[in-house]
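# Structure assessment
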Amino acid sequence: MTARFSHLSRSSSLLLLLLGVANICQARIGDTLEAAIERYGKPVHKESADEFAMFKEASYYITAHFRDGETDAITYVKAGSESSTKGAFSDDEIEMLLKINGSGQKWERSKAKASLQEWKTEDRKFQAVYSESKFLVITTAGYVKRLQDAAKKRKRPASVPPDEKKEVNH
């Protein structure tokens, strides 16, 4: 009899967890700031409308990054994730978050790297990374390209205008 209740308890817990994730983490790629505020209430931190807003909902911190008024990247972190297992996402949580952010696309998992798990949608419009640091980031291809372009720009040496160059010949 006790075994039966134990099984029911585990099943109920899993169901509640999945329902909670589905209801809590409904920020989606393409959402506006207004839609995110309707879901979560006032942001705990907000930059300009074309930057980002952070929300706390139940046991998650959700940071939505905006481009042209729409979410193009979302980061999920469990609140209170100080312990090594407490902040870890289950496979079911990751699957649910990918599903609600993939616009109906099927996600393909890449070979796992040492500290990262990665996915891309079949059409390559979305990608996701889960880090051993226990955060899940889901982005559009455009967001990734902007990050790459910004990194390249930072690596370029500053050019000196021709009229400011000085000859070293004496």
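Scoring rules and cut-offs
Counting restarts for each chain, with residues numbered from 1 along the sequence as it is written. Given that this is a predicted model, residues contribute local features only at a pLDDT of at least 70 and side-chain atom pairs are listed and counted only at 80 or more, while totals for whole chains, interfaces and linings are drawn from all residues. Computation of side-chain values: all heavy atoms of the structure, hydrogens and water removed. Secondary structure elements are taken from DSSP: a helix is a run of H or I of four residues or more, a strand is a run of E of two residues or more, and numbering for both begins at the N terminus. Partly exposed residues are those whose accessible area sits between 20% and 50% of the maximum for their type, while under 20% is buried and over 50% is exposed, using a 1.4 Å probe and protein chains only. Should any heavy atoms of two residues lie within 4.5 Å, those residues are considered in contact. The predictor reports its confidence for every residue as pLDDT, a score running from 0 up to 100. When DSSP finds two or more bridges between two strands, those strands count as paired. Axes here mean lines fitted to C-alpha atoms, for a helix over just the part in contact, with angles spanning 0 to 180 degrees between N-to-C directions.

Moving on: the overall build of the protein chain. From N to C terminus, the protein chain includes four helices and eight strands. The order of helices and strands in the protein chain, counted from the N terminus, is α-α-β-β-β-β-α-β-β-β-β-α. Across the 170 residues that make up the protein chain, the buried fraction comes to 31%. Within the protein chain, contacts between residues separated by at least 24 positions form 39% of all contacts whose residues are at least 6 apart in sequence.

Let us look at the confidence of the model for the protein chain. For the protein chain, per-residue confidence averages 77 on the pLDDT scale, and residues scoring 70 or more make up 70% of the total. Contacts of residues 1-25 to residues separated by more than four positions or lying in other chains number 22 contacts, the stretch itself having pLDDT below 50.

The strand order β1-β2-β3-β4-β8-β7-β6-β5 describes an open sheet built from eight strands, whose pairing is antiparallel. One side of each edge strand has no neighbouring strand; the edge strands of this open sheet are β1 (45-46) and β5 (107-109). The sheet strands contacting helix α4 (residues 141-155) are β3 (60-67), β4 (70-78), β7 (126-131) and β8 (135-140), and the helix crosses β8 at an angle near 95°.

A word on the environment of Ile94. As for its placement among the helices and strands, Ile94 is situated in helix α3 (residues 91-101). For Ile94, a relative accessible area of 3% translates into the label buried.

Our next topic: the environment of Gln105. Examined against the element boundaries, Gln105 turns out to sit in the loop between α3 and β5. Measuring from C-alpha to C-alpha, the distance between Gln105 and Arg124 comes to 9.4 Å, with 19 residues separating the pair along the chain. Discounting chain neighbours no more than four positions away, the residues touching Gln105 are Thr121, Glu122 and Asp123.

To continue, consider the pairing of strand β6 (residues 116-121). The alternating pattern of β6 places Gln117, Trp119 and Thr121 on a buried face, while none of Leu116, Glu118 and Lys120, on the opposite face, is buried. Across three bridges, the pairing between β5 and β6 is antiparallel. Looking across to β6, one finds that Arg109 is bridged to Trp119. Count of turn residues in the β5/β6 antiparallel hairpin: six residues. With five bridges connecting them, β6 and β7 associate as antiparallel partners. Within the sheet, the bridge partner assigned to Leu116 lies in β7 and is Ser131. Between β6 and β7, which pair antiparallel in sequence order, lie four residues; one of them, Arg124, sits at a positive phi of approximately 65°.

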